[in-house]
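Fold and geometry: a report
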Amino acid sequence: MSSSNYDSACLPDLLPLYYRRLFPFSQYYRWLNYGGVQKNYFQNREFSFTLKDDIYVRYQSFSTQTELEKEMQKMNPYKIDIGAIYSHRPNQHNTVKSGTFQALEKELVFDIDMTDYDDVRSCCSAADICCKCWTLMTIAIHILDRALREDFGFQHLLWVYSGRRGVHCWVCDEAARKLSVAARSAVAEYLSLVKGGEETLKKVVLTDPIHPFIRESLAVVERYFPRYALQEQDILGRKESVDKVLALMPEDVRKELQQDFQNEKKPDNRWKLVKEQANRKKGTAKRGQYFEKEIMLQYCYPRLDVNVSKGVNHLLKSPFSVHPKTGRISVPMDLKELETFDPFAVPTISQICEELDRPRTGEEEEKSEDTKEKENEKDAAERRKIRDYKRTSLAKYVKYFDQFLDKMARSWKGELLKKSDLQKDF
């Protein structure tokens, strides 16, 4: 079902059903409680809800999973944002002595939004996306995931589709959650290459020697550049876009290529001419001339909203939040299937609520289970919820979230064992 089948007017009717029967509360709590390794970690976490008519409620916090469930089912938020772990419970922040209520920890987060690429995509603009420009998100994830794992040593990266036009990354390692604002800024700066606003023509400048991180990033960009930039965006086809590319080159090269392009109209061949000029220039210049690499990076390198990554108290949209405009669920992404990930195939709230009404298979099995369930009502509600999302297209995304949490749980166990050993009296 495409989001064109989604009608935002139905959202007030669909959200109560979503939070009652489909939202994966147990996994969500398991994630944000981090194995209970640190006392009050979940209780001191800020949640922010955007309600109907853009009513914005900050500093929500909850003692237990049940309390969070009840409140979300009562308020039916249109959007959920997750904030920092504070020194005190956020819902009591007004009662705390001034200056003592402080954000202490949070996942290191990254926000990549397609609107930041408007100067290098011709297929769409603003909030619109298509399969052609989605390649930019694939490139961004490849580059950042490798760098965060290999250059910084982080292991627990949760990549999430925002539900509309971008992706978020939550780095959940304990070391990442404890980073200071200065350290977060340093990581964000290290990963930022495209600099300057609309008025800046040349946004990537490389110097000698090229840093190993940039070389690794270029290896990813080179894989996608011919199809994305030359074919799909046709950057060396239409005159207007050709002029933009030529403007990023040294003047003498630009003049020569303008001549050469008179005779050569095919974008792939034009790019070969650009590379030939770059090689020639490298042979004669004293310093490194990398204009063809700078062009590739300017058109394809990830564009980060560094302010989101720098602040500990910055809020970021929660996984499994519903995007009110598209109706799509903000789902965790499986990087093993990154090349085939289709944002338009991500289920909408209307789709999964419809799927709930489909006739069940194995009805007899359900009945025998139902009899067992009467023994314990709380278990019954939990089990029904599990079965409910499993009957919809949300199931595969929750399964991926489960796998992510299982990997993290192995590191929690180590921490808990260490703690219990420290507390033993020998």
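The structure reproduced in this document is the subject of the present report. (Residues numbered from 1 in each chain as written. Predicted model: local features only at pLDDT ≥ 70, side-chain atom pairs only at ≥ 80, totals over all residues. Heavy atoms only, no water.)

Observations concerning the packing of helix H7 (residues 212-232) against helix H11 (residues 291-300)
Rules: The axes are straight lines fitted to the C-alpha atoms, using for helices just the contacting stretch, and the angles between their N-to-C directions are given from 0 to 180°. Strands are runs of DSSP state E lasting at least two residues, helices are runs of H or I lasting at least four, and both sets are numbered from the N terminus onward. Angle categories are assigned with fixed cut-offs, so that under 35 degrees is roughly parallel, over 145 is roughly antiparallel, 65 to 115 is roughly perpendicular, and the rest are oblique. Here, two residues are considered to be in contact whenever any of their heavy atoms come within 4.5 Å of each other. Residues were grouped as follows: Ala, Val, Leu, Ile, Met, Phe, Trp, Tyr, Cys and Pro as nonpolar; Asp, Glu, Lys and Arg as charged; and all remaining residues, including Gly, as polar.
Running from N to C, H7 and H11 point in directions that differ by 75°, and their axes come no closer than 9 Å. Overall, the two elements H7 and H11 adopt an arrangement that is roughly perpendicular. Residues Ile-214, Leu-218, Val-221, Glu-222, Phe-225 and Tyr-228 of H7 pack against Lys-293, Met-296, Leu-297, Tyr-299 and Cys-300 of H11. Class assignment of the residues belonging to the contact of H7 with H11 gives a composition of nine nonpolar, no polar and two charged.

So, helix H8 (residues 239-246)
Here is the rule: Whether a residue is buried, partly exposed or exposed follows from its accessible area with a 1.4 Å probe, protein chains only, as a fraction of its type maximum: under 20%, in between, or over 50%, in that order. Here the arc refers to the directions that run from the helix axis out to each C-beta atom.
Among the residues making up H8, those that are buried are Ser-241, Val-242, Val-245 and Leu-246. Looking down the long axis of H8, one finds its buried residues gathered within 140° of arc, a one-sided arrangement. Within H8, the exposed residues directed more than 90 degrees away from the buried face are Lys-239 and Glu-240. Looking at the buried positions of H8, the neighbouring elements they touch are helix H9 (251-263), helix H10 (267-284) and H11.

Looking at the nonpolar core
In plain terms, the rule: In plain words, nonpolar cores are sets of buried Ala, Val, Leu, Ile, Met, Phe, Trp, Tyr and Cys residues tied together by side-chain atoms within 4.5 Å.
Ranked by internal contacts, the top residues of the largest apolar core, which has 129 residues, are Tyr-18, Trp-31, Phe-225 and Ile-349. In terms of residues, this core owes the most to one element, helix H4 (residues 131-151), which gives 11 residues. Setting aside its immediate chain neighbours within four residues, Tyr-18 contacts Phe-23, Phe-320, Val-322, Ile-329, Ile-349, Ile-352 and Leu-394. Core analysis: the second largest hydrophobic core is formed by five residues, Tyr-86, Val-96, Phe-101 and Val-312 among them.

Remarks on helix H6 (residues 181-190)
Those residues of H6 not exposed but buried are Arg-184, Ser-185, Val-187 and Ala-188. The buried residues of H6 all sit within an arc of 160° when viewed along its axis, so they share a single face.

A few points about the state of the cysteines
Where we set the bar: When two cysteine sulfur atoms lie within 2.5 Å, the pair is treated as a disulfide.
Applying the stated criterion across every chain, the model contains zero disulfides. Cys-123 carries a free sulfur, and the closest cysteine sulfur to it, the one in Cys-130, is 3.6 Å from it. For Cys-123, a relative accessible area of 29% puts it in the partly exposed group.

A closer look at the pattern of salt bridges
The cut-off we apply is this: Definition used for salt bridges: Asp or Glu carboxyl oxygen within 4 Å of a side-chain nitrogen of Lys or Arg.
A full pass over the atoms with the stated rule returns 27 salt bridges. For Glu-105, the salt bridge identified is with Lys-178, shortest N-O distance 2.6 Å. Linking Glu-105 in strand E4 (residues 103-105) with Lys-178 in the loop between helix H5 (174-177) and H6, this pair joins segments that are 73 residues apart in sequence. The salt bridge involving Lys-178 is made with Glu-174; its shortest N-O contact spans 3.8 Å. Each of Arg-21, Asp-388 and Arg-391 takes part in salt bridges that share partners, so that together they form one network.

What about the sheet that holds strand E6 (residues 157-161)?
Heads up, the condition is: Note: two strands are recorded as paired if DSSP finds a minimum of 2 bridges between them.
In space, the three strands of this open sheet follow the order E5-E7-E6, with antiparallel pairing throughout. The sheet is open, and its two edges are formed by strand E5 (108-113) and E6, each paired on a single side. For this sheet the average axis-to-axis angle between neighbouring strands, irrespective of direction, equals 15°. Note: E5 against strand E7 (residues 166-171), six bridges, orientation antiparallel. Its bridge partner lying in E7, Asp-111 is registered against His-168.

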